[in-house]
Amino acid sequence: MGDISEVSDPSSVKDLYISSTGRIWDFYESEPFFIFDGIVIGLYLKGVASVKINGRRYEIKPYSVLLLPPNELLEVESGSSDADRKSLIASTDVIFEYPTPIDTGILSLARRMPVARVSEKQMSRLMDTFDLLEKKYSVIDNSYRDEVCKALFYALLLEIIDLLKKEVSRFTGPALKQEKLVDDFFVLLSKWYKKERTVTFYAGKMNRTPKYLSTAIKKMTGRSILEWINETVIIEIKM
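Rules behind the numbers
Residues numbered from 1 in each chain as written. Predicted model: local features only at pLDDT ≥ 70, side-chain atom pairs only at ≥ 80, totals over all residues. Heavy atoms only, no water. Helix = DSSP H or I, 4+ residues; strand = E, 2+ residues; numbered from the N terminus. Expected span 1.5 Å × (residues − 1). Buried < 20%, exposed > 50% of the residue type's maximum accessible area, 1.4 Å probe, protein only. Arc of directions from axis to C-beta. Phe/Tyr/Trp six-rings, centres within 6.5 Å; stacked < 30°, edge-to-face > 60°. pLDDT = per-residue confidence, 0-100. Pairing = 2+ DSSP bridges. Axes fitted to C-alpha atoms, helices over the stretch in contact; angles between N-to-C directions.

**Some thoughts on helix α4 (residues 120-138)**
Then comes step 1: Between the first and last C-alpha of α4 there are 26 Å, a value that for 19 residues agrees with the 27 Å anticipated at 1.5 Å per step.
Then comes step 2: Among the residues of α4, those classed as buried are Met 123, Leu 126, Met 127, Thr 129, Phe 130, Leu 133 and Tyr 137. Here the buried residues of α4 occupy an arc of 165° about the axis, which is enough to place them on one side. Of the exposed residues in α4, those oriented more than 90 degrees away from the buried face are Glu 120, Lys 121, Asp 128 and Lys 135.

Following this line, the structure appears as structure tokens:
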């Protein structure tokens, strides 16, 4: 599991790290698999990349938005050298500091569509908020710097979620149900993998037979449940 302290510096806002240089991406590239207990936002202006999130591959192209909820299994497969990306990473605790915290339903929305393409105009609006946040982040002599930055981060997050809602509403049917099944499995895995490492446990939690769940996860992700459990345990040992 990653910790925000590993990418932050003494001048960073508590529980919030911003990078327009791609350092956060470099942090993830240090290991082939990674799980982070926090929220990651990526705004991609140029270049391409390929990532797997919970076993599903996503191709990231210019004008793509990445919103990664806590405890997702991320695998960075490739990234072009000409990438221009803006990144933010925040502890989950930041969300619960707001007067109206983002509920788990919205985080579930991000699990269903962690990567989305947006128009040039939409990206321009997101970048307006990001640029303002970046400016306020660089002002270290403001007594209310933390509060200002976290408020702007919240505004950016809400703008992204609004875009994701519109995209997700276009998708329905059996494929979406299968994706939800996979997402539910990974939510359980991130919570229980330290104690529970059997297919029977996860199948029982999801009210499915072990055979049905194993087949579905293998079909959707290319790896069996036991392979995912073992991979997650290895990540924990390495970290």
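So that's the structure; there's more coming.
**What about the packing of aromatic side chains?**
Then comes step 1: Across all of its chains, the model carries five aromatic pairs by this definition.
Then comes step 2: Aromatic pair Phe 185 and Phe 186: ring centres 5.2 Å apart, planes at 70°, arrangement edge-to-face.
Then comes step 3: Residue class for Phe 185 comes out buried when judged on its relative accessible area of 0%.
Then comes step 4: With relative accessibility at 2%, the residue Phe 186 sits in the buried group.
Then comes step 5: Between the aromatic rings of Phe 186 and Trp 228, the centroid separation amounts to 5.1 Å while the plane-to-plane angle is 80°, which identifies the pairing as edge-to-face.

**Some details on the confidence of the model for the chain**
Then comes step 1: In this model, the chain carries an average pLDDT of 79, and 77% of its residues clear a pLDDT of 70 or more.
Then comes step 2: Element-level mean pLDDT values for the chain span from 56 in helix α1 (residues 23-29) up to 94 in α4.

**Some words on the sheet that holds strand β3 (residues 38-46)**
Then comes step 1: If you walk across this open sheet you meet the five strands as β1-β8-β3-β6-β9, and the pairing is antiparallel. Since the sheet does not close on itself, it has two edges, and those belong to β1 (16-19) and β9 (115-117), each with one partner. Geometrically, the sheet is characterised by an average inter-axis angle of 10° between neighbouring strands, direction not taken into account.
Then comes step 2: Alignment of β3 against strand β6 (residues 64-68), held across five bridges, turns out to be antiparallel. Considered in β6, the bridge of Ile 41 is made with Leu 67.

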